Amino acid sequence: MQSTDLGNKESGKIWHRKPSPATRDGIIVNIIHNTSDYLPKVLRFLNVAFDSSGDCLLAGDHQGNIYVFDLYGNRFNLVQRTAQACTALAFNLHRKSEFLVALADYSVKCFDTVTKELVSWMRGHESSVFSISVHASGRYAITTSSDTAQLWDLDTFQRKRKLNILQSVGIQKVLGVLSQDGIMRFINIQTCKLLFEIGSLDEGISSAVVSPHGRYIASIMENGSLNIYSVQALTQEINKPPPPLVKVIEDLPKSKLNAGDLKVKVTSRRVQLPSKSRESKIQTRILKQDLAGHCENKENELSEGLSKKRLQVLLKGYGEYPTKYRMFIWRSLLQLPENHTAFSNLIDKGIHAAFLNLQKNYPIKSRKLLRVLQRTLSALAHWSAIFSDTPYLPLLAFPFVKLFQNNQLICFEVIATLIINWCQHWFEYFPNPPINVLSVVENVLAFHDRTLLQHFMEHDITSQLYAWPLLETVFSEVLTREEWLKLFDNVFSNHPSFLLMTVVAYNICSRAPLLNCNLKDDFEYFFHHRNNVDISVVIREVYHLMDTTPADIHPNSMLDAFVSLTKGQYPVFNKYPKFVVDYQTQERERIRNDELDYLRERQTVEDMQAEVDQQRDEYEAWYQKQELLRKAEETRREMLLQEEEKMIQQRQKLAAVKRELKVKEMHLQDAARRRFLKLQQDQREMELRRLDDEIERKVHMRDREIATTAKDLEMRRLELESQKRLYEKNLSTSQEAIAKEMREDADAYRRKVDLEEHMFHKLMETHQTQIQNTQKLIEENLAKAEQACLNTDWRIQALRKQRSGDLQRNECYQETAKLLQKNRRKEIEVLNALSEEEAKKWEEAKEKDFHLKSERKVSALSDASRKWFLEKEISDAVEHAERPHGKVVPRCQNEQVASSCFPATSQSSDISEMDSSTRISLSQRRVQWDGVERDLMERVRNLRQRLTARARHRCQTPHLLAA
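The rules we used
Residues numbered from 1 in each chain as written. Predicted model: local features only at pLDDT ≥ 70, side-chain atom pairs only at ≥ 80, totals over all residues. Heavy atoms only, no water. UniProt positions renumbered as here; feature names shortened; annotations may be inferred. Helix = DSSP H or I, 4+ residues; strand = E, 2+ residues; numbered from the N terminus. Buried < 20%, exposed > 50% of the residue type's maximum accessible area, 1.4 Å probe, protein only. Areas by Shrake-Rupley, 256 points an atom, 1.4 Å probe, with all protein chains shown as cover. Pairing = 2+ DSSP bridges. Axes fitted to C-alpha atoms, helices over the stretch in contact; angles between N-to-C directions. Phe/Tyr/Trp six-rings, centres within 6.5 Å; stacked < 30°, edge-to-face > 60°. Lys NZ or Arg CZ within 6 Å of the ring centre and 35° of its normal. Expected span 1.5 Å × (residues − 1). Contact = heavy atoms within 4.5 Å. Patch = residues over 30% accessible without salt bridge, like charges linked within 9 Å, V, L, I, M, F, W, Y side chains within 5 Å. Salt bridge = Lys/Arg side-chain N within 4 Å of Asp/Glu carboxyl O. Parallel < 35°, antiparallel > 145°, perpendicular 65-115°, else oblique. Left-handed = near helix turned anticlockwise from the far one by under 90°. Nonpolar A, V, L, I, M, F, W, Y, C, P; charged D, E, K, R; others polar. Core = buried A, V, L, I, M, F, W, Y, C linked by side-chain atoms within 4.5 Å. Arc of directions from axis to C-beta. Polar contact = N/O pair within 3.5 Å; in protein donor to acceptor, adjacent residues only side chain to side chain.

Named according to an unreviewed UniProt entry, the chain is TBC1 domain family member 31 originating from Equus caballus. UniProt, in the comment section headed Function (unreviewed entry), describes the chain in these words: "Molecular adapter which is involved in cilium biogenesis. Part of a functional complex including OFD1 a centriolar protein involved in cilium assembly. Could regulate the cAMP-dependent phosphorylation of OFD1, and its subsequent ubiquitination by PJA2 which ultimately leads to its proteasomal degradation."

Dropping the structure here:
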């Protein structure tokens, strides 16, 4: 069994592995809700409800947390926190995501499980709602409380009807039975066979709900947890077909046959499969059959098809009936009619007056058991008047009431059947004990144990002491529950005289302790308390007495055979002295009326006395109140005079204080005025000093600025001279850099040519060497490309820094132009000379750059052709390496590739040898090279335009500075 603790999680899985419920208990999962606080506690589930599909259920605990459990998707979610306990739930509304919940404040709310929002709030009940029933369409619902039932329209959430509940309604339908022991039993009502049961005495069930399709059962346990059962697992054993039954009949030896019996040995065995059992179980029974071939008496045939004699044989073999089927067997043996209507009429008459104060004479701890006993005794008293005056009726009925407290109809009919059959002639000497019945018991005891009877007589112990206490309590005081059930298995299975024989057998089996008793109190204690007597021995003794007692003193001759209750209406019970009962009833009624008259008169006198006492108390209270008011008035008048005197004194003190405060205020105002005048004078003096300091600071700053300007002019002149020299130096440096770059390009070109020739020769040697060299070449080219990218980035950054420096210099030039008006002509001549020189150099650079680009274009075309050739050779080498050994590429193919890669050197010698396909491929490649050449020329043209525009911009910059 898997167990899931919800804890503080709002969602998660119900089980973490695939559930496999056992046939024994059928539990899929046990869900508990523990808090994770410092002191953890269990949050008890109170209600549970399935939706219309039966795969989702809703459960709420006593703190108002409502969870949805999706059994199909194995998920649970917290959908609402109501902050108060829920008393009922419903989850099969027209809108599948909505549910109803009844709360402890008598209201009903509708929530949505998806949005978790409140949909509607329905009020109208004045007590807790304990049931919510939704119509199959999901559009109407009935909420039921202890006093009213209300019909709601779930489309508008408006109340349609209000029904008042005036009387209880009987059970109309039942899906299982939840017993008082906490076990829920599921019974086939057609065969009265127990199908399965859930729960146990240790883990009882407080409530349960079955899903609409009957696949799951959700039960709330007494410990507050939630169990989900699989009905398929619980009914797995029931749905199995029974194994075939084979009966083998064998005749016993003739020497063992009696004159009136034919004994047949019947062997019953179940056919077992070899995989399940190695040995077959064999049961042997001896059946008696009438030689004449007659069927059993109709008396032995029960209405349910059971055989009374077969039950008696089973009872003699095992000593008792199976606990699981005992109640069913008793109902069959007693042939209970189950007259629901007649019993309801008796119950509807209410509690009989004779049993209104039953709890005073019989204080029972269980209130439920007391109510059931009171109702059962009242029904018996309404059935026959004598039972209202029978003092021992509660003692006789109590063990049956305790046994059948959950089914009052069966309880009543069992007691009524017991009275009609096993209590025959008990009421002929009413209100005295049944002397005739006790005489029969005494005669049987005298026949079987005269010594014990003599001992009773010597100590003046009559049958009213050693027999009647056992009969009027039906042995419930001297036997345990199990012993009592075992005894009445035999009592109900035999003739009514069996009970009287049991009294005799109990005395005979207890003869040793009884013979040692000499006091009457000891005998009374013995027959009213449990003793060390083996009930199995007593029962065997009863059967012995039934067989060995002579017919003239046997109770069979006095008692009639078993008669069941009639169907439909209960029989009239009038086997008692009616005049005695009527006289007692009349006397009791007279006494009751006299007592009522006396009580009424006493109540009247008490009411009058209470009224007089109340008036006297009221007058006394009024006088006391008036005296208290007078004293309070005098006290308050004195307090008022004292308060007035105190107020006059306080006013005088307040006037003196005001005068003192006025004088102080005048002194303070004069001091504040003088302080303010002094403060103004000080401020004016400080302002004059601040102005003097400001004048001195301005004069000093003017002198310093003049000196600084002179120094700046001198520094600017020196900077211009140094800048001129710097321009000349930069010009020579740039020429050297360009020459160095050209030398580096030439060296790189030679190294590249050498490397490509070396790679080409290596490629022709071996395929492995070709692959390695190709990889090395690719890595080197990649490194060169990366280095070229880095160089380009570095140049771009340097250009940006230069541009930033130019901007800063432009700003500096603009500021300097305002200050250096005297040196403007000289600067213009220098800048014009530099501009002309720069324009010449740029024109020369344009021509050289164009020539360089043209050369690079030719070089790029050559590099691209060689690169394509090398890539082609590398791919051919890889394909050759991947081919199976022994497969060689045709030589003509390699020659075609070589000729296509170097058209300038080998075209004249190899064109004649090319076939038509090779010529087509060469023409296609030439078209491709022409496209590449046009693209390169377009790029060179765009680059030339950008350089020209940049040169013009630099030529215009000195003129702008001069302006």
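Following the structure, the description resumes.
## Some words on the overall build of the chain
Across its full length, the chain holds 23 helices and 24 strands. Out of the 963 residues in the chain, the part that is buried amounts to 31%. Accessible surface computed for the chain: about 63300 Å², of which carbon and sulfur atoms make up 53%.

## A few points about the sheet that holds strand E10 (residues 108-112)
Strands sit in the order E8-E9-E10-E11 across an open sheet of four strands; the sheet is antiparallel. Only two strands of the sheet have a single partner each, and these edge strands are strand E8 (86-90) and strand E11 (118-122). Direction aside, neighbouring strands of the sheet carry axes that sit 20° apart on average. With five bridges connecting them, strand E9 (residues 98-103) and E10 associate as antiparallel partners. For Val101, the partnering residue across the bridge sits in E10 and is Lys109.

## A closer look at the packing of aromatic side chains
On inspection of all chains with the given rule, the structure shows 35 aromatic pairs. Ring geometry for Phe400 and Trp484: centres 5.0 Å apart, planes at 70°, overall edge-to-face. In this pair, Phe400 sits in helix H7 (residues 393-403) while Trp484 sits in helix H13 (residues 481-492), placing the two residues 84 residues apart along the sequence. Neither Phe400 nor Trp484 differs from the other in exposure class; each is buried. Ring geometry for Trp422 and Phe492: centres 5.3 Å apart, planes at 70°, overall edge-to-face. Of the two residues, Trp422 is situated in helix H8 (residues 408-422) and Phe492 in helix H13; the sequence distance between them amounts to 70 residues. Feature note: the residues Phe343, Trp383, Phe387, Tyr392, Phe412, Trp426, Phe427, Trp468, Tyr570 and Phe573 constitute an aromatic cluster, connected by ring pairs. Over the ring of Trp121 we find Lys109, and its NZ or CZ is 4.1 Å from the ring centre.

## Let's talk about helix H9 (residues 435-448)
Along an α-helix, residues three or four positions apart point the same way, because every turn accommodates 3.6 residues. With 14 residues, H9 extends 20 Å from end C-alpha to end C-alpha; this agrees with the ideal 20 Å at 1.5 Å per step. Those residues of H9 that are buried lie in contact with helix H10 (450-458), helix H11 (463-466), helix H12 (468-472) and helix H14 (497-509).

## Concerning unusual backbone geometry
For residues other than glycine, phi is negative in most cases, and the peptide bonds are mostly trans. You will see that Phe157, though not glycine, has its phi angle at about 55°, which is positive. Positive phi is not limited to glycine here, since Glu338 has a value of about 55°. Relative to the helices and strands, Glu338 is located in the loop between helix H3 (326-334) and helix H4 (340-348). Of the residues examined, Glu338 reaches a relative accessible area of 27% and is grouped as partly exposed.

## A closer look at the sheet that holds strand E3 (residues 27-32)
Pairing is mixed across the open sheet formed by five strands, whose spatial order is E1-E3-E21-E20-E19. What marks the edges here is a single partner per strand, and that holds for strand E1 (2-5) and strand E19 (205-210). Neighbour-to-neighbour, the strand axes of the sheet open up by a mean angle of 20°, direction not taken into account. Pairing analysis gives four bridges linking E3 to strand E21 (residues 226-230), with the strands arranged antiparallel. For Ile31, the partnering residue across the bridge sits in E21 and is Leu226.

## Side note on a nonpolar patch on the surface
Where nonpolar side chains cluster on the molecular surface, the patch consists of Leu596, Tyr598 and Leu599 and spans about 260 Å² of accessible area. Position of Tyr598 among the secondary structure elements: in helix H18 (residues 578-765). You can call Tyr598 partly exposed: its relative accessible area is 46%.

## Thoughts on the packing of H3 against H13
Where H3 contacts H13, the two axes come as close as 10 Å, and the packing angle between them is 30°. Judged by the inter-axis angle, H3 sits roughly parallel to H13. Handedness of the H3/H13 crossing: left-handed. Of H13, the residues touching H3 (which contributes Arg326, Trp330, Leu333 and Leu334) are Trp484, Leu485, Phe488, Asp489 and Phe492. Among the residues making up the contact of H3 with H13, the classes are represented as seven nonpolar, no polar and two charged.

## Points about the nonpolar core
The nonpolar side chains of a soluble globular protein tend to be buried, and buried together. Ranked by size, the top nonpolar core spans 101 residues in total, and within it Trp383, Phe475, Trp484, Phe488 and Phe492 carry the most contacts. Top contributing element to this core by residue count: H8, with 11 residues. Ignoring sequence-local partners within four residues, the contact set of Phe492 consists of Trp330, Leu333, Leu334, Phe400, Val414, Leu418 and Trp422.

## Examining H10
Taken as a whole, H10 has its buried residues at Leu452, Leu453, His455 and Phe456. Here the buried residues of H10 occupy an arc of 155° about the axis, which is enough to place them on one side. For H10, the exposed residues set more than 90 degrees away from the buried face come down to Arg450, Met457 and Glu458. Trailing H10 by a residue or two, Asp460 shows a phi angle of about 60°, which is positive.

## Looking at the packing of H13 against helix H17 (residues 535-548)
Relative orientation of the contacting elements H13 and H17 amounts to 15°, with a least axis distance of 10 Å. It follows that H13 is roughly parallel to H17 by the angle criterion. Between H13 and H17 lies a crossing of right-handed hand. Counting all contacts with H13, which are made through Glu483, Lys486, Leu487 and Asn490, the residues of H17 involved are Ile535, Ser536, Ile539 and Tyr543.

## A word on the pattern of salt bridges
Scanning the entire structure with this criterion turns up 20 salt bridges. Linking Arg630 and Glu627 is a salt bridge whose minimum nitrogen-to-oxygen distance equals 2.4 Å. Of this pair, Arg630 and Glu627 are both found in helix H18, three residues apart, which corresponds to roughly one turn of the helix. Residue classification places Glu627 among the partly exposed positions, given a relative accessible area of 33%.

## A word on the pairing of E19
Here E19 runs beside strand E20 (residues 216-221); their pairing, made up of five bridges, is antiparallel. Residue pairing across strands places Ser207 opposite Ile220, the latter belonging to E20.

## Focus: the pairing of E8
With four of its five residues buried, E8 lies for the most part within the structure. Note: E8 against E9, four bridges, orientation antiparallel. Pairing of Cys86 across the sheet is with Leu103, part of E9.

## Here's the deal with the environment of Ser476
By the secondary structure assignment, Ser476 is in the loop between H12 and H13. Spatially, the C-alpha atom of Ser476 lies 8.6 Å from that of Phe398, the residues being 78 residues apart in sequence. Non-local contacts of Ser476, meaning those with residues more than four positions away in its chain, are made with Leu395, Pro399 and Trp484. Polar contacts involving the side chain of Ser476 include one to the main-chain carbonyl oxygen of Thr473, which spans 2.8 Å.

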